[in-house]
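An overview of the molecular structure
The primary structure of each chain is shown beneath.
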Amino acid sequence: MSRSLTWDSLSVPLQPWIRTAVEVQGFDKMTPVQAATIPLLTGNKDVVVDSVTGSGKTVAFVVPVLERIVAEKANTGTVKKGHFHTLILSPTRELAKQTQQVFASFLEQYTGSGPIRTQLLVGTDARSSRDDVSSFLEDRPLVLIGTPGRVHDFLQNPKVKTASCNMAILDEADRLLDVSFLKDVERILRVLPKQRRTGLFSATIGSAGDHIFKTGLRNPVKITVNSKAAAPSTIAFNYCVVTPETKLQQLLHVLNNYRFKKCIVYFPTCISVQYFYAFITYLQSKTAGRYLDSDTQVYSLHGKLQTSSRMKTLDKFTEDLRTSVLLTTDVAARGIDIPDVDLVLQMDPPTDADFFLHRCGRTGRFNRIGKAVTFLNAGREEDYVPFMAVKNVELVEAPELLSTTLDTAEFYSTIQHWMLEDRARFDHAVRSYVAFIRYYSNHAASSIFRLQTLDYVGLCRLFGLFRLPRMPEITRHFKDEDPERPGEKITFGDGWLVDPPVDIDNYKYADPKREEARVKELANLQKINDKKKLKFELKKKNMAWSNNSTSKEGKAKRREKMQLKRKAIEAELERNGGDDSSADDDEVTNDWKSEIIESRKKRKQDNGMQGSFDDL
């Protein structure tokens, strides 16, 4: 290690207690990104930091924030009540909490006279934004760390003043500047002082594009570390070619035979995490460790969980000293630093190639050795290997990780037996299947991940389904013919994968209330004599999940569009109303509403056909 990476070589001397904190946490040397960033951000420069995952970016902004607080004497009472010194934005609650914990580890060594406190601002089921304001006014924290939505709500309170904010840090800036967060981030930065220092940090900052210029940077310095080799050298990037129906078995085989302390398994959707977590824990308890060692601790984490549950799960997984596995989604893909994670498994590649590195970067951090394994379905998906090679990520096949003696029939029978115990599990599996299809259809590498080449039957067996769900995608792309035996069908007819078919009418819910409601609904359908009405009811009942969700999304978009139209018309009426009385305004408003109603009626009456058909 070169002399330039020692902490004593910094051009900006550190506070003695910060130097002690660095030593206590075992950071003997600086990483390149820390050596380049700390002097600039501690000084008077804005920075845009593009550095590989696990390179120490959090410490690279924590140290300058604390140094500037002390240098500007913000901790001695110069910051008034209702004011704060630094704002740090993170895309997820987990990352925000982790950042606060890094500050806490440094402040344990603080020996100054005035207090330096931090406050976490994330949406939870236990605290409201008003509670956050009350705590803020009472504790007077100098550093606020939070997610964009909650921070924006917090700053709307008139008791919160932004005039003293001297620094703004955007952690995982490319994510904060994408479409889902951009508006909130812009509103937040707009109310902060223009003369502040700003820092943008990410492993894939290039994907933010021109949006970085919307953050108010003033003559920034760009710091790029390891740009040519985008993939960290401490991670072994591997892939395994599998079939969809054996994917879960191969996952369990790897978890049972590869030695690790902590492993993170990434699934494509929240509902698939819920579903497979339920089945894997069932296997652990019922098969005496045949598929997964009963001593292995399994956790699940996804975006549908309440915030308090997510925090507790992450804390338990982090602090667990036993062999443990976390089943999760991309909610835990960015910035999360969990010690001893030496294996990352991806059930499917992410839809966004940038997330591939973020996921894999949960292992091999701070020069530790890690392994990242990605499952690819046999066939077209194998083209993902050269696709990632273009992005400087070399994937090496690792067939030795897989089992060659799987009893697929017995495993499928086990999951079906579990499924038949409760109809709710079948419903859950169908929703998981449909969610996966939608996920797959939104893949950025659409030339590789194509619905036309997807193994729909193998995917059904992965989820333990005994019948193909009714979906437009299956109707459009699925061909019920065995490629190895031309002329023979894959299914047993009507989408059934088992023979004899399951008696759907007598397939019961374990929950008595749900079962009672199902029996009543079935009885009502049997009473309907009108064939047309019965056909309508059955069509409604059996509507494809994808159609149903698409319809809801369409309605929401149309409702939002109508509201924007209404607001625009009302604004135009206000501008043109002049000195007219309120009664006149009401009359005009009613007029345009009536016109809209009339025009809708006309559109309904005009079905697009023209001419007279009386003589037909």
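Definitions and cut-offs
- Residues numbered from 1 in each chain as written.
- Predicted model: local features only at pLDDT ≥ 70, side-chain atom pairs only at ≥ 80, totals over all residues.
- Heavy atoms only, no water.
- Phe/Tyr/Trp six-rings, centres within 6.5 Å; stacked < 30°, edge-to-face > 60°.
- Buried < 20%, exposed > 50% of the residue type's maximum accessible area, 1.4 Å probe, protein only.
- Lys NZ or Arg CZ within 6 Å of the ring centre and 35° of its normal.
- Pairing = 2+ DSSP bridges.
- Helix = DSSP H or I, 4+ residues; strand = E, 2+ residues; numbered from the N terminus.
- Axes fitted to C-alpha atoms, helices over the stretch in contact; angles between N-to-C directions.
- Contact = heavy atoms within 4.5 Å.
- UniProt positions renumbered as here; feature names shortened; annotations may be inferred.
- Arc of directions from axis to C-beta.
- Patch = residues over 30% accessible without salt bridge, like charges linked within 9 Å, V, L, I, M, F, W, Y side chains within 5 Å.
- Areas by Shrake-Rupley, 256 points an atom, 1.4 Å probe, with all protein chains shown as cover.
- Salt bridge = Lys/Arg side-chain N within 4 Å of Asp/Glu carboxyl O.
- Lys, Arg positive; Asp, Glu negative; His and termini not counted.
- Charge placed at Lys NZ, Arg CZ, Asp CG, Glu CD.

So, about the packing of aromatic side chains. Counting across every chain of the model gives 27 aromatic pairs. When the centroid spacing of 5.5 Å and the interplanar angle of 20° are considered together, the rings of Phe 267 and Phe 276 count as stacked. Residue Phe 267 is classed as buried on the basis of its relative accessible area of 1%. The class of Phe 276 is buried, set by a relative accessible area of 2%. Ring pairs connect the aromatic residues Phe 267, Tyr 275, Phe 276, Phe 279, Tyr 282, Tyr 291, Phe 411, Trp 418, Tyr 433 and Phe 463, which therefore count as one cluster. For the cation-ring pair, Arg 334 lies above Phe 355, with the distance from its terminal atom to the ring centre recorded as 4.9 Å.

This brings us to the sheet that holds strand E8 (residues 235-242). Across the sheet, which stays open at both edges, the seven strands sit in the order E10-E11-E9-E12-E13-E8-E14 with parallel pairing between neighbours. Looking along the sheet, the strands with just one partner apiece sit at the ends: strand E10 (297-301) and strand E14 (396-397). Of the pairings in the sheet, the one linking strand E12 (residues 341-346) to strand E13 (residues 370-377) comprises four bridges and is parallel in character. Bridge assignment links Val 344 to a residue of E13, and that residue is Ala 372.

What follows covers the sheet that holds strand E4 (residues 143-146). Within the open sheet, the seven strands sit side by side as E3-E4-E2-E5-E6-E1-E7. Their pairing is parallel. In the strand order of this sheet, the two ends are held by strand E3 (118-121) and strand E7 (221-225), each with one partner. For this sheet, the mean angle separating the axes of adjacent strands, direction not counted, is 15°. Across five bridges, the pairing between strand E5 (residues 167-171) and strand E6 (residues 197-202) is parallel. Looking at the pairing, Asp 171 lines up with Phe 201 of E6. Strands in contact with helix H5 (residues 129-139) are E3 and E4; relative to E3, the strand with the most contacts, it is inclined by about 175°.

Turning our eyes to something else, we now look at the UniProt feature "domain: DEAD-box RNA helicase Q" (unreviewed entry) in the protein chain. Taking the numbering used here, the UniProt-annotated feature "domain: DEAD-box RNA helicase Q" (unreviewed entry) corresponds to residues 7-35. Along residues 7-35 the backbone is 45% helical and 0% strand, and the end-to-end C-alpha distance reaches 8 Å.

Our next topic: helix H8 (residues 182-190). Along H8, the residues classified as buried are Leu 182, Val 185, Ile 188 and Leu 189. Down the axis of H8, the buried side of the element spans an arc of 130°, and every buried residue falls inside it. Away from its buried face by more than 90 degrees, H8 exposes Lys 183 and Arg 190. Lining the buried residues of H8 we find strand E2 (86-89), helix H6 (148-155), E5 and helix H7 (173-176).

All right, on to the environment of Ala 435 then. Mapped onto the elements of the fold, Ala 435 is located in helix H15 (residues 423-441). Put simply, Ala 435 and Ser 272 are 163 residues apart on the chain and 8.1 Å apart in space, counted from C-alpha to C-alpha.

Here we come to a negative patch on the surface. Taken together, the side chains of Glu 382, Asp 383, Glu 397 and Glu 400 define an acidic patch exposed on the protein surface. Relative to the helices and strands, Glu 382 is located in the loop between E13 and helix H13 (384-389). Taking the relative accessible area as the measure of exposure, Glu 382 reaches 35% and is therefore partly exposed.

Summed over all chains, the structure comprises 21 salt bridges. Linking Glu 23 and Arg 19 is a salt bridge whose minimum nitrogen-to-oxygen distance equals 3.2 Å. Taken together, the residues Glu 23 and Arg 19, both in helix H1 (residues 16-24) and four residues apart, mark about one turn of the helix. With a closest N to O distance of 3.1 Å, Asp 132 and Arg 150 form a salt bridge. Of this pair, Asp 132 sits in helix H5 while Arg 150 sits in helix H6, and the two are 18 residues apart along the sequence. Taken together, the shared-partner salt bridges connect Asp 8, Arg 19 and Glu 23 into one network.

Here we take up the pairing of strand E9 (residues 262-266). Counted residue by residue, E9 has five buried out of five residues, so it is predominantly covered. Side chains of E9 alternate between two faces, with Lys 262, Ile 264 and Tyr 266 and Cys 263 and Val 265 buried alike. Alignment of E9 against strand E11 (residues 324-328), held across five bridges, turns out to be parallel. Counted as the bridge partner of Val 265 is Leu 327 from E11. Direction of pairing for E9 relative to E12: parallel, over a ladder of five bridges. Looking across to E12, one finds that Ile 264 is bridged to Val 344.

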